[in-house]
Amino acid sequence: MRSQVFEVARRSILQTLRQPALVIPPIVFPLIMMAINTGGLHAATNLPGFPADTYLDFAIAVPFMQCSLFACINAGAALARDVETGFLKRLAMTPMQRAALLIGHLGGVMVVSFVSALIYVAVGFAAGMDFHAGFWGVPALLVLAMLIALAFAALGAFVGLRSGSGETVQGFFPLFFVLLFLSSMSLPRPLIEQDWFRFIATYNPVSYLIEGIRSFIITGWDAEALALGFGIAIAVAAAAVIAASGALRTRLVRT
Amino acid sequence: MTILPNGIEVEDLAREFKGGVRAVDGIDLTVEPGEIYGFLGPNGAGKSTTVLMLTTLLPPSSGTARVAGHDIVREGPEVRRAIGAALQEAALDPLLTGREHMRLQTTLQGVPKAERGTRGDALLERVGLMEAADRKVRGYSGGMKRRLDLALALVHHPRILFLDEPTTGLDPQSRADMWQEVARLAHEDGVTVFLTTQYLEEADVLADRIAIIDHGTIVARGTPDELKAEIGRPTLEVEPAVREELEAVTGVLARFGTPVTARPGATAVRLHGNVDQLADVVRALDGENLTVTDFRLHAPTLDDVFLAKTGRKLEGGEPAAEPEAVSA
C-alpha cells in the first residue's frame, strides 16, 4: 500500500505543480493580503489590550488559514475532476485500496501546503516577526498548520467526491472565506466592538485555529490556545477524513 | 453453467435503475476463450451498463455472470485481477504524461517495482506512443488517447479485455490502427475481447461472434455471416447497355432470383442461391447477346440485420458500405 500512496501523492503534487494557477495564488495572495493589512491596520496595535507590538505579528497567522482554504478547493476540485473524467473508475478497476487513494491524494495536497507554510514562516522572519515560542515553536506551528490544512483538504475531498462536480467545490470557496472573515482574523475577539460579530467569532471554530497559530508568535506556549487550536483541528480533520472516506466508498462502488 | 477460465458466461443478467428503467433486461451470452465478441447496439441500448456489470463496477439487479471463471458479485477482486478494461471515455489525466500514466497504473496493479519501467515502455512501444511518452496527455490526439487507454488496460497481462466503444470519435486511420491492435491481442496473445460498438463495420471486421442488443435485450446473435445469411440472400442489380433490352435482361435474371425494386434504367433480383450464381448469370446474358454497363451485387450487411431485427437503422452507425461493383 505504501507504493500506492506514494504514487497517488506524486500524481497529486504533479497535478498541482503543472497548474501555476493552483500554486501561485495560495502562496502569493495571502502574503499580499497580509502586507496590505499590516500596512493599513497598524493603528490597531494602539488599541488598549491589543496583544502584539506589530500588526505583522498578529496577522501572520492568517496566510496559514487562507492556504488551507486553497488546499480545500484544490483537493476537492481534483477529486471531482477524477469523478467527471472517469479516472476514478480506472482506479476502481485496480486492486488499489481506497485508503491509499485518499491518503495519497491528501498527502499530495499537504506537501504543497507545507511548502507554502515554510514560505510564510520565512517571509515572516524576513519581515521582522517577533516569534515568542522559540526554536521548537516553529515545527510545532508547522504541525498545527498541517493539521488545519488536512482538515480543510479533507472537507474539500468530501465535497468533491460527494458532488462529483468541480463547480460545486468552487461554490464552497465563498462559504469558507466568509467563515474566515467572521473570525478573529483581523482583531482579537475581545476588541471586536459589534456584539453580533463578536458572538459569531466566538462560536466560529476558525477563530480558535487562527488563535492557536497566532499564540506561537505573540504569546509563546499558550496551553489554552494550543489545546483549542490542536483540539479543533484534530476533531475537524478526523470528522472530515471519515466523511471523505464514506463519500469515496459510495463513489468507488465495486463488487 | 460451464466454467470458462478465460471466457464469460452470463445468465439472465439485468440491471434496473431508479424509476424502474431496466437498462439491461435479462440477457444471456457466452464468450469463448480467445474470441472477439462484438456487442452491437445503438446509444442507450444497454451496452455500457453490461460492461460496467461484467467489470464489477456496477452490481447487477438480478441474474448471474462469471468472468474468467469468477462470479462478478461474490468474487469481484478475482474478476478485476483477470480483466483489463478501456471504458467508454478514455479516462486519462490531461496533466500527466503517457509514461507517468503507465507508472501509476503499473504501481496500482501491483506490478513488481523492477518490472514497472520496462513493462510500461514495452506497452507504449507496442501501441506506438514511445515518441510521445513524455508529453502531457492533454496534447494527445483522440487516437493517441485511445491507444494509451488500451496500453493501460494491458499492464497486468489480463486474460480478458473489455473495450467499450474503443473507436468512437476516431478518424479512419486511427480506427484501423486500433482494429489491428485488438485483432493482434486476440489472435496472437490469446486475449478474450469483449468489444462494444455502435459501428457495424467494426463488428463485421473484428468480431468472431456478435450479439445485437436493443432496449436492454439481445435481439440477435451469431457470427457476422450467420446473421447476414439469416436475413436474406444477396441482390443482383444489372443495367443494360441498350435501354430497349431492359425487359430481356429482366427475363434472364428472373431465372436466377426473385425480382426486387431497382433504380431507374436497371433491373434487380434477390438471388435464389449465393454469389456462386454470378458466373451463370453472366453466361446466360452472354448467351442471349445482351450487353450490360453495370453489374452490382448487394451483399446483405449488418445494417440490414439490424434493420430486420429492430425495425430501424442503427443510429450513429457507419453508412452502409457501397455495393460491390462488378464489370460484366
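Rules and cut-offs
- Residues numbered from 1 in each chain as written.
- Chains lettered and ligands numbered in written order.
- Predicted model: local features only at pLDDT ≥ 70, side-chain atom pairs only at ≥ 80, totals over all residues.
- Helix = DSSP H or I, 4+ residues; strand = E, 2+ residues; numbered from the N terminus.
- Rg over C-alpha atoms; globule rule 2.2 N^0.38 Å.
- Contact = placed C-beta atoms within 7 Å.
- Buried ≥ 20, exposed ≤ 12 C-beta atoms within 10 Å, placed from the backbone.
- Domains from an automatic or database assignment.
- Core = buried A, V, L, I, M, F, W, Y, C linked by C-beta atoms within 7 Å.
- Expected span 1.5 Å × (residues − 1).
- Arc of directions from axis to C-beta.
- Pairing = 2+ DSSP bridges.
- Axes fitted to C-alpha atoms, helices over the stretch in contact; angles between N-to-C directions.
- pLDDT = per-residue confidence, 0-100.
- Parallel < 35°, antiparallel > 145°, perpendicular 65-115°, else oblique.
- Left-handed = near helix turned anticlockwise from the far one by under 90°.
- Nonpolar A, V, L, I, M, F, W, Y, C, P; charged D, E, K, R; others polar.

A. Fine view of the overall build of chain A. Helix and strand counts for chain A stand at 11 helices and 0 strands. Going residue by residue from the N terminus, the α and β elements of chain A occur as α-α-α-α-α-α-α-α-α-α-α. The C-alpha atoms of chain A give 19 Å as radius of gyration, which agrees with the globular expectation for 255 residues (18 Å, within 12%). Along the first, second and third principal axes, the C-alpha set of chain A runs to 65 × 35 × 30 Å. Pairs at least 24 apart in sequence give 80% of the contacts found in chain A among residues at least 6 apart.

B. Molecular detail of the overall build of chain B. When helices and strands are tallied, chain B shows 11 helices and 15 strands. The C-alpha extent of chain B, read off along each of the three principal axes, is 80 × 45 × 35 Å. Considering chain B as a whole, with its 328 residues, one finds that 46% of them fall into the buried category. Counted over contacts in chain B with a minimum sequence separation of 6, partners at least 24 positions apart contribute 68%.

C. Geometry of the domain arrangement of chain B. When cut into domains, chain B gives domain 1 (8-223) and domain 2 (229-325). A C-alpha centroid distance of 38 Å is found between domain 1 of chain B and domain 2 of chain B.

D. How the structure looks around the nonpolar core. Core analysis: the largest hydrophobic core is formed by 157 residues, its most contacted members being Ile 148, Ala 151, Ala 153 and Ala 154 of chain A together with Val 193 of chain B. At 17 residues, the largest contribution of residues to this core is made by helix H7 (residues 137-163) of chain A. Taken domain by domain, this core gets at least three of its residues from each of domain 1 (8-223) and domain 2 (229-325) of chain B. Apart from residues no more than four positions distant in its own chain, Val 193 of chain B is found in contact with Ile 36, Tyr 37, Leu 161, Leu 163, Val 182, Leu 185 and Ala 186 of chain B. Residues Val 238, Leu 253, Val 281 and Val 292 of chain B belong to the second largest nonpolar core, which totals 10 residues.

E. Structural view of unusual backbone geometry. Residues and elements named next belong to chain B. For Thr 56, which is not glycine, the phi dihedral falls at a positive 75°. Note on placement: Thr 56 falls in the loop between helix H1 (47-54) and strand E4 (62-67). Within the chain, Asn 289 stands out as a residue other than glycine whose phi angle is a positive 60°. Take Asn 289: it is sitting in the loop between helix H10 (278-287) and strand E14 (292-298). According to the C-beta neighbour criterion, Asn 289 is exposed, with 8 such atoms within 10 Å.

F. A look at helix H4 (residues 113-126) of chain B. Residues and elements named next belong to chain B. Here H4 spans 21 Å end to end across 14 residues, near enough to the 20 Å set by a 1.5 Å rise per residue. Buried residues of H4: Arg 116, Arg 119, Gly 120, Leu 123 and Leu 124, and no others. Down the axis of H4, the buried side of the element spans an arc of 130°, and every buried residue falls inside it. Away from its buried face by more than 90 degrees, H4 exposes Ala 114, Glu 115 and Thr 118. Packed against the buried residues of H4 are helix H3 (98-108) and helix H5 (142-153).

G. Representation of the sheet that holds strand E6 (residues 83-86) of chain B within the structure. Residue and element names in this part refer to chain B. Taken together, the 6 strands give an open sheet; going across it, the order is E6-E7-E8-E3-E9-E10, and neighbouring strands pair in mixed fashion. On the outer flanks of this sheet lie E6 and strand E10 (217-222), each paired with one strand and no other. Ignoring which end each strand starts from, the neighbouring axes of this sheet average 15° apart. Sheet topology note: the E6/strand E7 (residues 160-164) ladder contains 4 bridges and is parallel. Each residue of the ladder has a partner; that of Ala 85, found in E7, is Phe 162. Seen against the sheet, H5 touches E6 and E7 and runs at an angle of roughly 165° to E6. Packing against the sheet, helix H6 (residues 172-187) makes contact with strand E3 (36-40), E7 and strand E8 (192-197), and its axis sits at approximately 150° to E8.

H. Region of interest: the environment of Ala 176 of chain B. Its location among the elements puts Ala 176 of chain B in helix H6. The spacing of Ala 176 of chain B and Glu 202 of chain B is 26 residues in sequence and 9.2 Å in space, taken between C-alpha atoms.

I. Quick look at the sheet that holds E4 of chain B. With respect to topology, 4 strands assemble into an open sheet ordered E2-E1-E4-E5 (chain B), the strand pairing being antiparallel. Strands with a single pairing partner mark the edges of an open sheet, and in this sheet they are strand E2 (22-31) and strand E5 (70-71) of chain B.

J. Representation of the confidence of the model for chain B within the structure. Residue and element names in this part refer to chain B. Averaged over every residue, the pLDDT of chain B is 85; the share at 70 or more is 93%. When the criterion is pLDDT under 50, residues 317-328 qualifies, and its contacts beyond four places in sequence or with other chains add up to 25 contacts. This prediction of the complex comes with two scores: 0.78 for pTM and 0.81 for ipTM.

K. Just the packing of helix H4 (residues 61-85) of chain A against H7 of chain A, in detail. Residues and elements named next belong to chain A. At a minimum axis distance of 7 Å, the contact between H4 and H7 shows a crossing angle of 30°. Judged by the angle between their axes, H4 and H7 are roughly parallel. Two packed elements cross with a definite hand, and for H4 against H7 that hand is right-handed. Residue composition of the contact of H4 with H7, by class: 21 nonpolar, 5 polar and no charged.

L. Expanded view of the pairing of strand E13 (residues 267-271) of chain B. Residue and element names in this part refer to chain B. By the criterion of burial, E13 is predominantly enclosed, with 4 of the 5 residues buried. Bridging between strand E11 (residues 235-240) and E13 involves 4 bridges; their strand directions are antiparallel. Its bridge partner lying in E13, Glu 237 is registered against Ala 268. As paired elements, strand E12 (residues 257-260) and E13 share 4 bridges and run antiparallel to each other. Of the residues in E13, the one forming a bridge with Thr 258 is Arg 270. Between the antiparallel neighbours E12 and E13 lie 6 residues, among them Gly 265 with a positive phi of about 85°.

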